[in-house]
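# Survey of secondary and tertiary structure
Here is what each chain is made of, one letter per residue.
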Amino acid sequence: MFTYIFIFVLALVYYALSNENNERAKLPLAIYLGGLALFVGCSDMLGGYDRYIYGQVFDELAIVTRNDGNLLATAGYRLFATEWGFLGFNQLMGYVTFNRYIFIFTATCVIYTLLFVSIKNYCRNYPFAVIVFLGLWFFFTFTYLRQVMAATIGWLAIKYIIDRKPIQFFLIVFIAFTFHNSAIILAPFYFVPAKKFDKVLVVFILIGALAVGMGNLLSSLVAESDAFIDATRAEQNAYIIAEGSFRVAYFVEAVLFAGLLLWKYDAFIEDNRKEIVLLNMALVFCVILLMFVRSENGGRFAWHYMMGIIASLTHIATSPQYKSNALTSALIIMLGVLFIRILLAWGVLLSPYKSFFTDGHREGDFIYNMYEYDDRYDMDKFYK
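Residues numbered from 1 in each chain as written. Predicted model: local features only at pLDDT ≥ 70, side-chain atom pairs only at ≥ 80, totals over all residues. Heavy atoms only, no water.

## Observations regarding the nonpolar core
Just so we agree on the cut-off: Residue types Ala, Val, Leu, Ile, Met, Phe, Trp, Tyr and Cys, when buried and joined through side-chain atoms within 4.5 Å, form a set referred to as a nonpolar core. We call a residue buried when its accessible area falls under 20% of the maximum for its residue type, exposed when it is over 50%, and partly exposed in between, using a 1.4 Å probe and counting protein chains only. The way it works is that DSSP assigns letters per residue, a run of H or I at least four long becomes a helix, a run of E at least two long becomes a strand, and they are numbered from the N terminus. Note on contacts: a residue pair qualifies if any of its non-hydrogen atoms lie within 4.5 Å across the two residues.
Counting residues in hydrophobic clusters, the biggest one holds 136 residues, and the most contacted among them are Tyr4, Leu33, Tyr112, Leu134, Phe138 and Phe139. At 13 residues, helix α15 (residues 273-291) tops the list of elements feeding residues into this core. When neighbours within four sequence positions are excluded, phenylalanine 139 is seen to be in contact with Tyr4, Phe339, Ile342, Leu343, Trp346 and Leu350.

Shown next, in the form of structure tokens:
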């Protein structure tokens, strides 16, 4: 656990050492995110069930690809039939390696490279943006490879909302869609006007989203968005929350973030299209959380708008005209609490940390006991 806490503390040191002259320095950002990519990418099947299903899908696809077999008969094409961008990435990696660890490491490096590009393009203070990322999204990069890749691809399209270039925008969203179909939720945002909406209207929209969420009207949509999450998995995993239960975390995050954004609404300049687009993305993030407040996985649709939250909270905390030391400190504490909450909630899924450079598996890792499909990896991580 202390390894993860050190990562967060290191981000605080990174922020404390920054100033107006180097808060947008690319090299320190690249070094920090590169270190995170190595840390996450080299971990040994940490984060839960999903790494095992992605590893198993890749192993089979790699063998079939190299042997010119029937790809349509593989588990990957049965589970992710409409997400051929992700399948294509698997097949491409199949020409490079047969080893699931190298596949996961490469995918993680792609994710963090795309994250670097988005933070560089959209955030005014890189170190603080990293702190926001750690508090909200870092741990999900361990396990939800497919949807995290789709989200980071989709964030590249934000530039083309700002510049009003629809062809480039929808092309990128389509590519993200082929990695995870939930990325389609980003498409309608192109038509949201780049303006500050009246606060009263925003509040009514949030209340309406909560009403929709309480009615659980979108549960069937969520059930179809992740075909590999089946009833068996839900029954077997204690950390899965029952579909239809009220997600307190979704509600609190949505209300807290929306409240902060509306409180500091004046910090966002109407004439600055980038600021306003990212602000509206952040508000849509809150709306989606409320719409899926009774859905186990629905909040993951909001990930496609996560960069809006990262950029807007960073703007509030570091904008020279509007920042206050008290608010910035409060945000850091809040993000630290969110970081620790997930770390404690996931427990053995993350801690103790183990890399794939040592053979064997961690004692007490129930996910390994339930879902390891190839015991040869346990004896030799690089047996193939």
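Picking up after the structure, the text goes on.
## Remarks on the side chain of arginine 51
This is how the line gets drawn: Residues counted as positive are Lys and Arg, residues counted as negative are Asp and Glu, and His and the chain ends are not counted. What makes a salt bridge here is a side-chain nitrogen of Lys or Arg within 4 Å of a carboxyl oxygen of Asp or Glu, nothing more. Any pair of N or O atoms that falls within 3.5 Å is considered a polar contact. Within protein, one atom must be able to donate a hydrogen and the other to accept it, and sequence-neighbouring residues count only if both atoms are side-chain atoms.
With respect to the helices, strands and loops of the structure, arginine 51 is situated in helix α3 (residues 49-66). Of the side chains with opposite charge, aspartate 44 comes closest to the buried, unpaired arginine 51, at an N-O distance of 6.7 Å. Here valine 40 takes part through its backbone oxygen, which lies 2.9 Å from a polar atom of the side chain of arginine 51. Leaving out residues up to four positions away in the same chain, arginine 51 has contacts with Val40, Ser43, Met45, Leu46, Ile104, Phe142 and Thr143.

## Quick notes on the packing of aromatic side chains
Here is the rule we go by: Pairing of aromatic side chains requires ring centres within 6.5 Å, counting the rings of Phe and Tyr and the six-membered ring of Trp. Pairs whose planes differ by under 30 degrees are stacked, by over 60 edge-to-face, and all others tilted. Only when the NZ atom of a Lys or the CZ atom of an Arg is both within 6 Å of the ring centre and within 35 degrees of the ring normal do we say a charge sits over the ring.
For the coordinates displayed, the defined rule picks out 45 aromatic pairs. Ring geometry for phenylalanine 138 against phenylalanine 339: centres 6.3 Å apart, planes inclined by 15°, an arrangement best described as stacked. Here phenylalanine 339 lies in helix α17 (residues 325-346) and phenylalanine 138 lies in the loop between α7 (126-136) and α8 (145-155), a separation of 201 residues in the sequence. You can call phenylalanine 339 buried: its relative accessible area is 1%. Pairing phenylalanine 246 with phenylalanine 251 gives two aromatic rings, centres 5.8 Å apart and planes at 50°, and the pair type is tilted. Looking at phenylalanine 246, the relative accessible area reads 37%, which means it is partly exposed. Phenylalanine 251 gets classed as partly exposed once you look at its relative accessible area, which sits at 29%. Over the face of the ring belonging to tyrosine 377 we find arginine 100, whose NZ or CZ atom lies 4.0 Å from the ring centre.

## Here's the deal with the packing of helix α14 (residues 248-263) against α15
Just so we agree on the cut-off: Structural elements are reduced to axes, namely lines fitted to C-alpha atoms, with helices fitted over the stretch in contact, and the angle between N-to-C directions of any two is expressed from 0 to 180 degrees. Angular relationships are summarised with four words: roughly parallel below 35 degrees, roughly antiparallel beyond 145, roughly perpendicular across 65 to 115, and oblique for the angles in between. Put simply, a crossing is left-handed when the front helix is turned counterclockwise from the back one by less than a right angle, and right-handed when it is turned clockwise. The nonpolar class holds Ala, Val, Leu, Ile, Met, Phe, Trp, Tyr, Cys and Pro. Asp, Glu, Lys and Arg form the charged class, and all remaining residues, Gly among them, are polar.
Two elements in contact, α14 and α15, have axes whose closest approach is 8 Å; the angle formed by their N-to-C orientations is 155°. The pairing of α14 with α15 is recorded here as roughly antiparallel in orientation. Two packed elements cross with a definite hand, and for α14 against α15 that hand is left-handed. Along the contact surface, α14 presents Tyr250, Phe251, Glu253, Ala254, Phe257, Ala258 and Leu261, while α15 presents Leu279, Ala282, Leu283, Phe285, Cys286, Leu289 and Leu290. Split by residue class, the contact of α14 with α15 holds 13 nonpolar, no polar and one charged.

## Comments concerning the side chain of aspartate 378
Relative to the helices and strands, aspartate 378 resides in helix α19 (residues 376-379). At 4.3 Å, lysine 381 is the nearest oppositely charged side chain to aspartate 378, a buried residue that forms no salt bridge. Every residue in contact with aspartate 378, bar those within four places of it in the chain, is listed here: Asp359, Gly360, His361 and Tyr368.

## Section: the environment of alanine 11
Note on placement: alanine 11 falls in helix α1 (residues 2-16). Spatially, the C-alpha atoms of alanine 11 and proline 127 are 6.9 Å apart, while their sequence positions differ by 116 residues. In contact with alanine 11, not counting residues within four places along its chain, are Tyr32, Val130, Ile131 and Leu134.

## Topic: the pattern of salt bridges
Within the structure shown, the criterion is met by nine salt bridges. In this structure, lysine 381 and aspartate 44 form a salt bridge, with 2.9 Å as the shortest nitrogen-oxygen distance. Note that lysine 381 is positioned in the segment after α19 and aspartate 44 in the loop between α2 (26-41) and α3, a separation of 337 residues in sequence. The class of lysine 381 is buried, set by a relative accessible area of 2%. A residue is classified by how much of its surface remains accessible, and aspartate 44, at 7% relative accessible area, is buried. As a salt-bridge pair, arginine 341 and glutamate 253 come within 3.6 Å of each other at their nearest N and O atoms. Linking arginine 341 in helix α17 with glutamate 253 in helix α14, this pair joins segments that are 88 residues apart in sequence. Residue classification places glutamate 253 among the buried residues on the basis of a relative accessible area of 16%. What emerges from the salt-bridge pattern is a single network uniting Asp44, Lys354 and Lys381.

## As for the packing of α14 against α17
Following both chains from N to C, one finds α14 and α17 inclined at 165°, their axes separated by 14 Å at the closest point. As the angle between them shows, α14 and α17 are arranged roughly antiparallel. The interaxial crossing formed by α14 with α17 has left-handed handedness. Of the residues in α17, those in contact with Ala249, Glu253, Leu256, Phe257, Leu260 and Trp263 of α14 are Leu327, Leu331, Met334, Leu338 and Arg341.

## Overview of empty space enclosed by the protein
The cut-off we apply is this: The rule is simple: put a 1 Å grid over the protein atoms alone, call a set of points where a 1.4 Å probe fits but cannot get out a cavity, call an open set with protein on both sides within 12 Å along at least five of seven lines a pocket, and count a residue as lining if it has an atom within 4 Å of a point. Grid points are joined across faces, edges and corners, and a volume is the space filled by probe spheres set on the points.
This model, assessed by the stated rule, comprises two cavities of 30 Å³ or more. As a volume, the largest cavity reaches approximately 70 Å³. Surrounding the largest cavity, 13 residues form its lining, Asp44, Tyr52, His361, Tyr368 and Lys381 being those nearest its centre. For the lining of the largest cavity, a count of residues per class yields four nonpolar, two polar and seven charged.

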